[in-house]
Each structure stands twice: as C-alpha cells, then as structure tokens.
Amino acid sequence: MAILKIDKVSEVMLQNHVLIPVVSRLGIKAGVENKTVEDVCRENGLHPDFFLAVVNVFLYGTFDAVEDIRLFNVLKCLDYIRKSHKDFIVQLKNIERHIRLLVNDGNAQYMSLIFSLFNEYKEELSSLIGKEESLFLPYVNNVYELFFSPDYQPIEGDVAGALSVFVSEYNDVNEKLDDLKNILIKYIQGDYDENVFYGVIFALDRLQRDINATELIELKVLEPMVAKMEREITERVSKMQGR
C-alpha cells in the first residue's frame, strides 16, 4: 500500500527497513518520534510529495502524480541523486568485501570468475556514475539556474534525450547483476559461510533495486520538471527575439 502524508515516518521505516538509508539521502534520519511524513518534511524544508515520490517509487515503482511537479525542488532532487551515487559506491565496496569472505580452498577457481564479473560490473557502474556526474547533472543544474535567471539565454540540450541514453546504459550494466546472482546461486561450491552468502545475494539485490528506483526518480520526477523549464526558457527567448 502506498505511503501517504498522514503516515508516521517511524512506522514507514519499521515496516520497510530498506527505506532507512533512502530517506537519509533526503536529510531525514532516525529519531523522528511519532511525526507524520508531512510534519517531518515541513521541518526539513522538503516538499512532502517529493518525499512520497521517492519512497513509493523505491517500494512500488510508481507514485501518484501531482498537479504541478515544479513544486518539487530541482536542487533537492539533484542532491538526492548525488547521494544515491555515493551510496552505490559504498554498497559496491561492502559487497566486494563480503564476496572475498566466501573464498575457500574448494572454490578458488569458481570465485575467480565471480571476482572477474564483479570487477567488470564495478568498473562499468563507476564509469557511468562519473559520466552522469560530469555531464548530465551539471546540465540540469544549468537549466535550473537559467530558469530563475533574469537573462534570456537559450539552452543547448534536451533533458529527455540525454537521460534516455544514461537510463539505457544503466539498464545494460545492471543486467550484469542478474548474471552475478545467477552464477552465485547455481555454482557456488566448497565449505562457505551461508550467512555471508545470503548477505551477498541480498546486497546485490538491494543495489539493483536501488539503482532502478533512482532511474525512475530521474525519469518520472526530474525529467518532467526540467523539460517544463526547458520549454518555458525556450518560449521566453523566442518572445524576446521576436520583439
């Protein structure tokens, strides 16, 4: 069932532990007492519909559209995405550390293949994050600044086209996580620690789910906001040039 403004944040966290690090990226940490989503968002200068968009997309892959998506703060959305990227890197390091704990005399050759696949995935994901941080996010920030600028400067670019490229690349890279989980489950051998194995599978699944949810936030929340700003900037410039 979708999270609502009247729901208590503590109960949301208790029922969905995976949301604890997610809402932390929004500046909301544990210790929220019995406050509702609306209360906590008001205290943190966060639009409650943006909070609901993030958590509901993460949990259910969708959220209820709002009448004016520009009510969401673009800069807070960018901040959320950047924090998500940092968290992805932390998760990768944690997964790598635990994969190493699975190595034993009976599975060294098999684990060599796992490490090879994992390192390939890690390099591709890190490279893709770097590209997005250096190309796409600065473009969005520039559109935001132009939108609120008194100057009438044209924009060069298209958020939908740029984002579609990154989403496609993230999907391609993320398929490697399915391959990694598949090989681990089918072929792990030797006397390994089952609890560590479970932890690796769950961590891979969480990372994959986290990346997919962040993509949806970009597609369903960030892109419509920025596209609307692009259109209004273009209309302003057009009117100015027509004078």
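The shown structure was predicted, so the numbers you read here are calculated from the model rather than taken from an experiment.

Colleague: Please provide a residue-by-residue account of the nonpolar core, values included.
Modeller: Ranked by internal contacts, the top residues of the largest apolar core, which has 81 residues, are Phe51, Val140, Leu184 and Leu222. Secondary-structure elements contributing two or more residues to this core are helix H1 (9-15), helix H2 (19-24), helix H3 (37-43), helix H4 (48-60), helix H5 (74-100), helix H6 (108-147), helix H7 (159-187) and helix H8 (194-241). By residue number, the principal contributor to this core is H8, which donates 18 residues.

Colleague: Go over the environment of Leu219, please, and point to the residues and values.
Modeller: Looking at where Leu219 falls in the secondary structure, it is placed in helix H8. For Leu219, a relative accessible area of 32% corresponds to the partly exposed category. Each C-alpha atom, one on Leu219 and one on Ser164, is 8.4 Å from the other, the two residues being 55 residues apart in sequence. The residues touching Leu219, leaving out its near neighbours within four places in the chain, are Leu163, Val167 and Pro224.

Colleague: Outline the packing of H6 against H7, listing residues and values.
Modeller: Close contact between H6 and H7 brings their axes to 10 Å; oriented N to C, the two are set at 165°. The angle between the axes of H6 and H7 places the two elements in the roughly antiparallel class. H7 is crossed by H6, and the crossing has left-handed handedness. Within the contact of H6 with H7, the residues separate by chemical class into 22 nonpolar, 1 polar and 6 charged.

What counts and how
Residues numbered from 1 in each chain as written. Predicted model: local features only at pLDDT ≥ 70, side-chain atom pairs only at ≥ 80, totals over all residues. Heavy atoms only, no water. Core = buried A, V, L, I, M, F, W, Y, C linked by side-chain atoms within 4.5 Å. Buried < 20%, exposed > 50% of the residue type's maximum accessible area, 1.4 Å probe, protein only. Helix = DSSP H or I, 4+ residues; strand = E, 2+ residues; numbered from the N terminus. Contact = heavy atoms within 4.5 Å. Axes fitted to C-alpha atoms, helices over the stretch in contact; angles between N-to-C directions. Parallel < 35°, antiparallel > 145°, perpendicular 65-115°, else oblique. Left-handed = near helix turned anticlockwise from the far one by under 90°. Nonpolar A, V, L, I, M, F, W, Y, C, P; charged D, E, K, R; others polar.

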